[in-house]
Amino acid sequence: QVQLVESGGGLVQAGDSLRLSCAASGRTFSSYAIAWFRQATGKEREFVAAINWPGISTYYADSVKGRFTISRDNAKNTVYLQMNSLKPEDTADYSCAFANRLATTRSNDYNYWGQGTQVTVSS
């Protein structure tokens, strides 16, 4: 069983920055991935970014390349999503997800999900 807890969402203005956190516990695999997905109201869930273990290979959706950065803190067992130059279209519920395999962009490849954290970007 893998537990994921997101935090860091909130209400910000366009152009601002925000950092989301995903704290993981109960890991039992040597090769796995943690990814961020988002779902706006009335829209389908979409891939945002992912990071692998072992190694630190990262992957990004085209819509966030150059603005978002995914990273990890091994000591804290936490994955971060640094979001810069936020746009209103980034408004969504953001969830982190765990897969016991290398990263993919498909939500159905992920086994465990956090509860989500809301990001709202105004103007």
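Overview of the structure. (Residues numbered from 1 in each chain as written. Predicted model: local features only at pLDDT ≥ 70, side-chain atom pairs only at ≥ 80, totals over all residues. Heavy atoms only, no water.)

All right, on to the state of the cysteines then. For the structure shown, the criterion picks out 1 disulfide. What pairs with Cys-22 in a disulfide is Cys-96, and their sulfur atoms sit 2.1 Å apart. A torsion of 70° about the S-S bond marks the disulfide between Cys-22 and Cys-96 as right-handed. Taken together, the residues Cys-22 in strand β3 (residues 18-25) and Cys-96 in strand β9 (residues 92-99) connect sequence positions 74 residues apart. (Disulfide = S-S within 2.5 Å. Helix = DSSP H or I, 4+ residues; strand = E, 2+ residues; numbered from the N terminus.)

Our next topic: the nonpolar core. Ranked by size, the top nonpolar core spans 37 residues in total, and within it Trp-36, Leu-81, Met-83 and Tyr-94 carry the most contacts. Of all elements in the fold, only β3, β4 (32-39), β5 (46-53), β7 (68-73), β8 (78-83), β9 and β11 (117-122) reach the threshold of two or more residues within this core. When neighbours within four sequence positions are excluded, Tyr-94 is seen to be in contact with Glu-6, Leu-20, Trp-36, Phe-37, Arg-38, Val-48, Phe-68, Leu-81, Met-83, Gly-116, Thr-117 and Val-119. (Core = buried A, V, L, I, M, F, W, Y, C linked by side-chain atoms within 4.5 Å. Buried < 20%, exposed > 50% of the residue type's maximum accessible area, 1.4 Å probe, protein only. Contact = heavy atoms within 4.5 Å.)

In β11, alternate side chains face the same way, and those of Thr-117, Val-119 and Val-121 are buried while those of Gln-118, Thr-120 and Ser-122 on the opposite face are not. Relative to β11, strand β2 (residues 10-13) runs parallel, the two being bridged by 4 bridges. Residue pairing in the sheet places Gly-10 in a bridge with Val-119 of β11. Bridge analysis of β9 against β11 gives 3 bridges, and the strand direction is antiparallel. (Pairing = 2+ DSSP bridges.)

Right, let's talk about the pattern of salt bridges for a bit. This structure, assessed with the given rule, holds 5 salt bridges. Arg-38 serves as the salt-bridge partner of Glu-46, at 2.7 Å between the closest nitrogen and oxygen. Here Arg-67 and Asp-90 are joined by a salt bridge, their closest N and O atoms 2.8 Å apart. Of the two residues, Arg-67 sits in the loop between β6 (58-60) and β7 while Asp-90 sits in the loop between β8 and β9, which places them 23 residues apart along the sequence. (Salt bridge = Lys/Arg side-chain N within 4 Å of Asp/Glu carboxyl O.)

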